[in-house]
Amino acid sequence: MSGGNVLDRPALQELLIAEFDELTPENIMKPDLMQPERGVFDFSHSDALVDFATSSDTRVHGHALVFQAFSNPQMPEWMLNFQGTPDEWRAVLEEHIETIVSRYAGRIESWDVVNEILSDENGAIRPIVWQQGMGDDFIEASFRAAHRADPNADLYLNDYKFPDLPHKLDGAIEIVEDLLDRDVPIHGIGFQMHVLADFPKEDQIRLAFRRAAETGLLVKVTELDVRVNSGGGYQSLGDDLAVAQANQIRIVIEAYLDEVPPEQRGGITMWGISDPDSYLSGGPDWPLLFDDQLEAKPAYDAFREALG
Ligand code: XIL
């Protein structure tokens, strides 16, 4: 979620604890939780989240319609094991997307329609089950289905390491241009931006934002966090680490504002609120803007300052 206004943090914490228990909110719209059995959709958690956002004037970016993550795919077994003709795959894909997007039409303003479909090695389309079932057409079909279900939603291709791996951005731009040439409704490129404090470097970040903006599409930072302990050598966030983290946040935000024209900015979403919420915190690490007491860290101040 991106804050439309100042986020009501205590209310959000309360909701997270009451509604989601073990479920982290960033996971509840993934395929495994949304459609655990074929044709059986579970809207209980997503409704709670969207209701909360609506009542607190908070914008929602939906994550993610088509997503087969690597080790833990976060897809239901039935979908992973589905067998069928390309038309049968298409029917499954369209039902999944249209059922979810239409339910939240007008309330979820943008979606990660396809997430992590590009290979790290060469930027090619990954052989996920949709690709195996119906070929590369799954991409076009996904965007068209989402657009039918909510013609006003902004539809994104989302992926990680665009600054680090330029060939991945090449792959994304190739797909985007092909879709645009054929009038397929795609509106944005999402940059996950799970970065380290010292990598990627500023010039890589700037170049990647600039190249994405040159497509004319929206550019959004969808999952920002900054790891400071990827080597595992630290037991706590000392001042030096906090400053290094704040500097990287400043670099990312300033690069985004400098390289992406205002009318193309889809916004910036952090991948969690306080450090213990983060999926990276186990290392241990402290990748977010607020600490375990929900106190703002130097990274938060850097974020605010960079926004001007
Ligand atoms: C992560 C969640 O944050 C974790 O709770 C879960 O165990 C694994 O997935 N890129 C994505 C997200 O697009 O869906 C991932 O979220 C983080 C990396």
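You'll find the structure just up there.
Note that the coordinates shown come from a computational prediction; the quantities given were computed from them, not determined experimentally.

S.K.: Explanation requested: the site of the ligand in the structure shown.
M.R.: Inspection of the region around the ligand gives 14 residues, with E26, K30, H63, N115 and E223 positioned closest. Residue N27 places a side-chain N or O atom 2.9 Å away from an oxygen atom belonging to the ligand. In this structure, an oxygen atom belonging to the ligand sits 3.2 Å away from a side-chain N or O atom of Q74. Calculation on the ligand without its partners gives an accessible area of 410 Å², and the protein chains cover 80% of this total. Assessed atom by atom at 2 Å from the grid points, the ligand resides in the second largest pocket.

S.K.: Would you mind showing me how to read the packing of aromatic side chains here?
M.R.: Enumeration over the complete set of coordinates arrives at eight aromatic pairs. Centroid distance F162 to F191: 5.2 Å. Interplanar angle 70 degrees. Geometry classified as edge-to-face. Of this pair, F162 sits in the loop between strand 4 (154-159) and helix 8 (166-181) while F191 sits in strand 5 (residues 188-191), placing them 29 residues apart in sequence. Here the two residues F162 and F191 agree in accessibility, since each one is buried. Pairing F290 with Y300 gives two aromatic rings, centres 5.1 Å apart and planes at 45 degrees, and the pair type is tilted. Of this pair, F290 sits in the loop between strand 8 (265-270) and helix 11 (298-307) while Y300 sits in helix 11, and the two are ten residues apart along the sequence. Taking relative accessible area as the criterion, F290 reaches 11% and is therefore assigned buried.

S.K.: How do you make sense of the environment of R182 when you look at a structure like this?
M.R.: Mapped onto the fold, R182 is located in the loop between helix 8 and strand 5. For R182, a relative accessible area of 36% puts it in the partly exposed group. Along the primary structure R182 and E140 are separated by 42 residues, whereas in three dimensions their C-alpha atoms are 9.4 Å apart. Ignoring sequence-local partners within four residues, the contact set of R182 consists of E140 and R144.

S.K.: Whenever I open this one, a negative patch on the surface confuses me. Can you help?
M.R.: Side chains of E174, E177, D181 and D183 sit close together on the surface and give a patch of like negative charge. Along the chain, the position of D183 falls in the loop between helix 8 and strand 5. For D183, a relative accessible area of 66% corresponds to the exposed category.

S.K.: Can you walk me through the packing of helix 10 (residues 239-259) against helix 11 in this structure?
M.R.: Interaxial distance between helix 10 and helix 11 falls to 8 Å at its minimum, and their mutual angle equals 25 degrees. Taken as axis vectors, helix 10 and helix 11 run roughly parallel relative to one another. Read as a crossing pair, helix 10 and helix 11 show a hand that is right-handed. In this structure, helix 10 contributes A242, Q245, A246, I249, R250, I253, E254 and L257 to the contact, and helix 11 contributes P298, A299, A302, F303, E305, A306 and L307. A class-by-class count of the residues in the contact of helix 10 with helix 11 yields eleven nonpolar, one polar and three charged.

S.K.: It is not clear to me how the side chain of Q264 should be interpreted in this structure. Could you clarify?
M.R.: With respect to the secondary-structure elements, Q264 resides in the loop between helix 10 and strand 8. With residues near it in sequence (within four places) discarded, Q264 still touches A213, G216, L217, L218 and V219.

S.K.: Just to check I follow, could you spell out the layout of surface pockets for this structure?
M.R.: In this structure, the second largest pocket encloses a volume near 630 Å³. In terms of lining, the second largest pocket is formed by 29 residues, of which the most central are E116, Q192, H194, E223 and Y279. At the level of secondary structure, the elements contributing two or more residues to the lining of the second largest pocket comprise strand 6 (194-196) and strand 7 (218-227). Taken together, the residues of the lining of the second largest pocket break down into 13 nonpolar, nine polar and seven charged.

S.K.: Teacher, can you tell me more about the packing of helix 5 (residues 86-103) against helix 7 (residues 137-149) here?
M.R.: Working note: a packed helix pair is described by the angle between its axes plus the distance between those axes. At their nearest, the axes of helix 5 and helix 7 sit 8 Å apart, and the two run at 30 degrees to each other. In this structure, helix 5 meets helix 7 at a crossing whose hand is right-handed. Contacts from R90, L93, E94, I97, E98, V101 and S102 of helix 5 reach helix 7 at D137, F138, A141, S142, A145, A146, R148 and A149. For the contact of helix 5 with helix 7, the per-class residue count stands at eight nonpolar, two polar and five charged.

What counts as what
Residues numbered from 1 in each chain as written. Predicted model: local features only at pLDDT ≥ 70, side-chain atom pairs only at ≥ 80, totals over all residues. Heavy atoms only, no water. Near = heavy atom within 4 Å. Polar contact = N/O pair within 3.5 Å; in protein donor to acceptor, adjacent residues only side chain to side chain. Areas by Shrake-Rupley, 256 points an atom, 1.4 Å probe, with all protein chains shown as cover. 1 Å grid on protein atoms, 1.4 Å probe; cavity = no way out; pocket = protein on both sides within 12 Å on 5 of 7 lines; lining within 4 Å. Sits in = over half its atoms within 2 Å of the grid points. Phe/Tyr/Trp six-rings, centres within 6.5 Å; stacked < 30°, edge-to-face > 60°. Helix = DSSP H or I, 4+ residues; strand = E, 2+ residues; numbered from the N terminus. Buried < 20%, exposed > 50% of the residue type's maximum accessible area, 1.4 Å probe, protein only. Contact = heavy atoms within 4.5 Å. Patch = residues over 30% accessible without salt bridge, like charges linked within 9 Å, V, L, I, M, F, W, Y side chains within 5 Å. Salt bridge = Lys/Arg side-chain N within 4 Å of Asp/Glu carboxyl O. Lys, Arg positive; Asp, Glu negative; His and termini not counted. Charge placed at Lys NZ, Arg CZ, Asp CG, Glu CD. Axes fitted to C-alpha atoms, helices over the stretch in contact; angles between N-to-C directions. Parallel < 35°, antiparallel > 145°, perpendicular 65-115°, else oblique. Left-handed = near helix turned anticlockwise from the far one by under 90°. Nonpolar A, V, L, I, M, F, W, Y, C, P; charged D, E, K, R; others polar. Points joined across faces, edges and corners; volume = space filled by probe spheres on them.

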